[in-house]
Each structure stands twice: as C-alpha cells, then as structure tokens.
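Descriptive analysis of the structure
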Amino acid sequence: MNMAESHDVVVLGCGLMGSALARAFAAGGYSTAAWNRTHERAEALTAHGVRAIADVREAVASAPLIVTCVADYDATLEAFGDIADLAGKTVVNLGSGAPDEVVAFEAAIAERGGESVDGSIICYPQSIGTAEGAILYSGSPEVWARHEKTLMALGGSSAHVSDLVTASSVLNIALVGAFFVASLSAFVEATSYVLKEGVDPALLAAMTPITLDFLGRTAADAVTEIATGQYETDQATIDTYLAGLEPALACIETAGLRTRVIDAAVENLRAASAAGFGSQGFAAHAKILARRTPAFDGSRA
C-alpha cells in the first residue's frame, strides 16, 4: 500500500455517531478514512475530508488506529470478517455492551495480534469534537498513552478512567443506562404533576438547577457511604425520606397520574425501613440490594 493510501485513523461504522467521530478526527487534522456496510454513508463524509473505503480489509489495513462504532460487539467482530492479522493495530470499540462482551472482544482482538481499548460515549453526536464531548476509555494505560492525543480530538471532556478494561462499560451501564434514564423518568413524572397543578413552567425551570446541585452533592456522599459501609448520619434518614415521599406520592396519585419510578423509590425505602435500616442514611438501602443479589459484597454495603 502506498503512502497516499495510509491514514492516521479509520472509523468503522458511519451512523450518526460514527460519522461524527470521523468528522471530528478530520477536523482535528488527522488523516481519516471511514468504512460502512452501506458505502453511501461513508461517501457522504468525503465533503468533510474523510476518505471513504468500500472494502473493510483495505480500511483496516490503512491505519494503525481503528475506531469502531457499530451496533454491538458481535456486529463489530463480524465486520472484521476473516481478517486474522491485526498486528500493529489498536482497536478502540465505542459501541455499547456488557462487561463480559468487552472481555470477549479484547480477547478476540488479542488472538489476531492486535491491542484494544474499550470506550463508552456519554454525549450526543453534536458534542463530539467539542470541549463538552465525553468518552470514557478503559484498558491498557500504555495503549491509551500511545493514542491519547488522537482520541482526545473526539471530546475535551474525555478521559482514560481505568486500566480495568470493563470499567467504561460498567460506568456507562450504571450512570447513563440506569441512573440517568431512571432519574430523568422520575423528573418527567414530577414535572407532569407540577404542570398539572398549574405551576408556571418557568418557575420549575428556575428551581431545577438548585435541585440538581443538591442531588449531585448527595450522590457523591452516597458513593463514599456505599464504598465504606458507613451509613450513620446526623441528617435525613431513610425513615425521614420515607415520611416525606409517601404523602408526596399520594398527592401525585390523587392528581390522576401514574408514577412508576417514584412508586419503585417508595418500595425501596419501605423495604429498607422494614429491614431495620430506617435510622441510617439514604444510601443504606443498598443493603437490601445486597440481599437480592448475593454476588454483591454485602459487607461493604
């Protein structure tokens, strides 16, 4: 292959996110190529300085850094097809998956002689390539160090979070897949009640940042409490929260609204109180989760 066909990075997968990744690399001054099963999607990136390559083997061969953004891990390996030699290549997979899939993918790349880093995107495509763009990377620190400058072109808020290759996947599942979605769902339920009761939406919008700031500080405390198993508190206890949440739930239901997420929060607090943890801090209901899931280290909860 001649030098004209060599690139700094190739992106496999040109959906909304993959296209944003390719554009960001090119805008950052990196020679960038892209491949997609539907070649027209890759060709659409040529206007942004990205070379579209129709053959996946040629695409993989064209760069030492291969960034994949395909539907899932199986689809990513399928895209590699019968390419058996990845010596000298680093594969950075930015598709979402479970921790066991991350481990299996790392092993599959290693079997082909390549190295890999796992990543989880925690921003929208329009933030890729900006200071707000955020991707969590995990895996070999040495491999990360080799490609850090290039990968940071995808977002100024990105970071290598751990040498444990599954860390970015676990954080994505917990913070985005679980916490963010559940919290936003609870907010939608609460907002529906506020607006149904005739409160000015502007007032709710003004109060929301204050509430989120308090949530952030309380959540940070909860991390420490769960990690250390220390739930003693001189502030609101589980029983205090329950005493406030039960009548709040009753008011919302009286207004004719169904609140599935808030219902679940009440159920958790009731179970924790019934288990004898009512006088401890809010995060102490992690103990009832430990009882449901024996694999969780209850001694730390």
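Residues numbered from 1 in each chain as written. Predicted model: local features only at pLDDT ≥ 70, side-chain atom pairs only at ≥ 80, totals over all residues. Heavy atoms only, no water.

Structural notes on the overall build of the protein chain
To keep things clear, this is the line we draw: Secondary structure follows DSSP: runs of H or I at least 4 residues long count as helices, runs of E at least 2 residues long count as strands, and numbering of each begins at the N terminus. Buried means the residue's accessible area, taken with a 1.4 Å probe over protein chains only, is under 20% of the maximum for its type, while exposed means over 50%, and partly exposed covers the values in between. For this analysis, residues touch if any pair of their heavy atoms sits within 4.5 Å. Here the open area of atoms and residues is found with the Shrake-Rupley method and a 1.4 Å probe, where only the protein chains shown may cover a residue.
The number of helices and strands found in the protein chain is eleven helices and eight strands. C-alpha atoms of the protein chain, sized along the principal axes, occupy 70 × 45 × 30 Å. Across the 301 residues in the protein chain, those meeting the buried criterion constitute 40%. Within the protein chain, residue pairs in contact and separated by at least 24 positions form 64% of the contacts whose partners lie at least 6 positions apart. Of the roughly 15,500 Å² that the protein chain leaves accessible, carbon and sulfur atoms contribute 58%.

Quick word on helix 9 (residues 238-254)
Rules: By this rule the span expected of a helix is its residue count minus one, scaled by 1.5 Å. Working definition: the arc comes from the directions between the helix axis and the C-beta atoms, pointing outward to the latter.
Taking 1.5 Å as the rise per residue, helix 9 with 17 residues should run 24 Å; its terminal C-alpha atoms sit 24 Å apart, in good agreement. Looking at helix 9, one finds that the buried residues are Ile 238, Leu 242, Leu 249 and Ile 252. One face of helix 9 carries all of its buried residues, which in axial projection span an arc of 95°. Of the exposed residues in helix 9, the ones pointing more than 90 degrees away from its buried face are Ala 243 and Thr 254. Those residues of helix 9 that are buried are in contact with helix 7 (167-196) and helix 10 (260-277). Looking one or two residues past helix 9, Gly 256 carries a phi angle of roughly 90°, positive in sign.

Here's the deal with the UniProt feature "domain: 6-phosphogluconate dehydrogenase NADP-binding" (unreviewed entry) in the protein chain
Counted only if it meets this: UniProt positions are given in the numbering used here, feature names are shortened, and annotations may be inferred rather than shown by experiment.
Taken from the UniProt record, the annotation "domain: 6-phosphogluconate dehydrogenase NADP-binding" (unreviewed entry) applies to residues 9-157. The distance from the first to the last C-alpha atom of residues 9-157 is 20 Å, and the span holds 37% helix and 21% strand.

Some remarks on the UniProt feature "domain: NADPH-dependent reductive aminase-like C-terminal" (unreviewed entry) in the protein chain
When the UniProt feature table is mapped onto this chain, "domain: NADPH-dependent reductive aminase-like C-terminal" (unreviewed entry) is found at residues 169-289. The span residues 169-289 is 79% helical and 0% strand by assignment, and the distance between its end C-alpha atoms comes to 21 Å.

A few points about the side chain of Ser 162
Just so we agree on the cut-off: What qualifies as a polar contact is a pair of N or O atoms within 3.5 Å, subject to a donor-acceptor requirement within protein and to the restriction that residues adjacent in sequence count only when both atoms come from side chains.
With respect to the secondary-structure elements, Ser 162 resides in strand 8 (residues 159-162). From its side chain, Ser 162 meets the backbone nitrogen of Leu 164 in a polar contact 2.9 Å long. Among residues more than four places away in sequence, those in contact with Ser 162 are Tyr 137, Ser 138, Gly 139 and Ala 167.

Focus on the sheet that holds strand 8
This is how it is decided: The pairing criterion for strands is at least two bridges between them, as found by DSSP. Axis definition: a line fitted to C-alpha atoms, limited for helices to the stretch in contact. Angles are taken between N-to-C directions and run from 0 to 180 degrees.
Read across the open sheet, the eight strands follow the order 3-2-1-4-5-6-7-8; overall the sheet is mixed. Each edge of the open sheet is held by one strand with a lone partner, namely strand 3 (50-52) and strand 8. On average, adjacent strands in this sheet sit at an angle of 30° to one another, irrespective of strand direction.

Side note on the pairing of strand 4 (residues 65-68)
Consecutive side chains along a regular strand alternate between the two faces of the sheet. Stated precisely, the cut-off is as follows: Assignment of crossover handedness uses the view with strands pointing away from the viewer, where a clockwise path from the first strand over the helix to the second indicates a right-handed crossover.
Judged by which residues are buried, strand 4 turns out to be covered on both faces: Leu 65 and Val 67 on one side and Ile 66 and Thr 68 on the other are all buried. In this fold, the crossover linking strand 4 to strand 5 (residues 90-93) by way of helix 4 (residues 73-80) has right-handed handedness.

Regarding the nonpolar core
How we decide: Buried residues of nine kinds, namely Ala, Val, Leu, Ile, Met, Phe, Trp, Tyr and Cys, make up a nonpolar core once their side-chain atoms join them within 4.5 Å.
Counting residues in each nonpolar core, the largest one holds 32 residues, and the members touching the most others are Val 67, Leu 94, Ile 128, Tyr 137 and Leu 154. Residue assignment for this core shows that the elements contributing at least two residues are strand 1 (9-12), helix 1 (16-27), strand 3, strand 4, strand 6 (115-121), strand 7 (135-139) and helix 6 (141-151). With seven residues, the single largest contributor to this core is helix 1. When neighbours within four sequence positions are excluded, Val 67 is seen to be in contact with Val 9, Val 10, Val 11, Leu 12, Leu 21, Phe 25, Val 92, Leu 94 and Leu 151.

Focus: the pattern of salt bridges
To keep things clear, this is the line we draw: By convention in these notes, a salt bridge is any Lys or Arg side-chain nitrogen within 4 Å of a carboxyl oxygen on Asp or Glu.
In the structure shown here, the tally under the stated rule is seven salt bridges. The shortest N-O distance in the salt bridge between Arg 217 and Asp 213 comes to 3.2 Å. In this pair, Arg 217 and Asp 213 both sit in helix 8 (residues 201-228), four residues apart, roughly one turn of the helix.

Looking at a nonpolar patch on the surface
Selection rule: Patches here are clusters of residues that have more than 30% relative accessible area and form no salt bridge, with a 9 Å joining cutoff for like charges and a 5 Å cutoff for nonpolar side chains (Val, Leu, Ile, Met, Phe, Trp, Tyr).
A contiguous nonpolar patch, built from Tyr 124, Val 161, Leu 171, Leu 175, Phe 179, Phe 180, Val 181, Leu 184, Phe 187, Val 188, Leu 212 and Leu 215 and spanning about 1,100 Å² of accessible area, is present on the exposed surface. Of all elements in the fold, only helix 7 and helix 8 reach the threshold of two or more residues within the nonpolar patch. Ranked by residue count, the leading element in the nonpolar patch is helix 7, at eight residues. If you trace the backbone, Leu 171 turns up in helix 7.

Brief notes about the pairing of strand 5
Here strand 5 shows no split at all, with Thr 90 and Val 92 on one side and Val 91 and Asn 93 on the other all buried. Alignment of strand 4 against strand 5, held across four bridges, turns out to be parallel. Bridging from a neighbouring strand, Thr 68 pairs with Asn 93 of strand 5. With four bridges joining them, strand 5 and strand 6 adopt parallel strand pairing. Bridging from a neighbouring strand, Val 91 pairs with Ser 116 of strand 6.

Comments concerning the side chain of Ser 158
Structurally, Ser 158 can be placed in the loop between helix 6 and strand 8. We classify Ser 158 as buried; its relative accessible area is 8%. Of the polar contacts made by the side chain of Ser 158, one reaches the backbone nitrogen of Ile 135; its length is 3.0 Å. A polar atom in the side chain of Ser 158 sits 3.0 Å from the backbone oxygen of Gly 155. Excluding residues that lie within four positions of it along the chain, Ser 158 makes contacts with Gly 133, Ala 134, Ile 135, Tyr 137 and Met 152.

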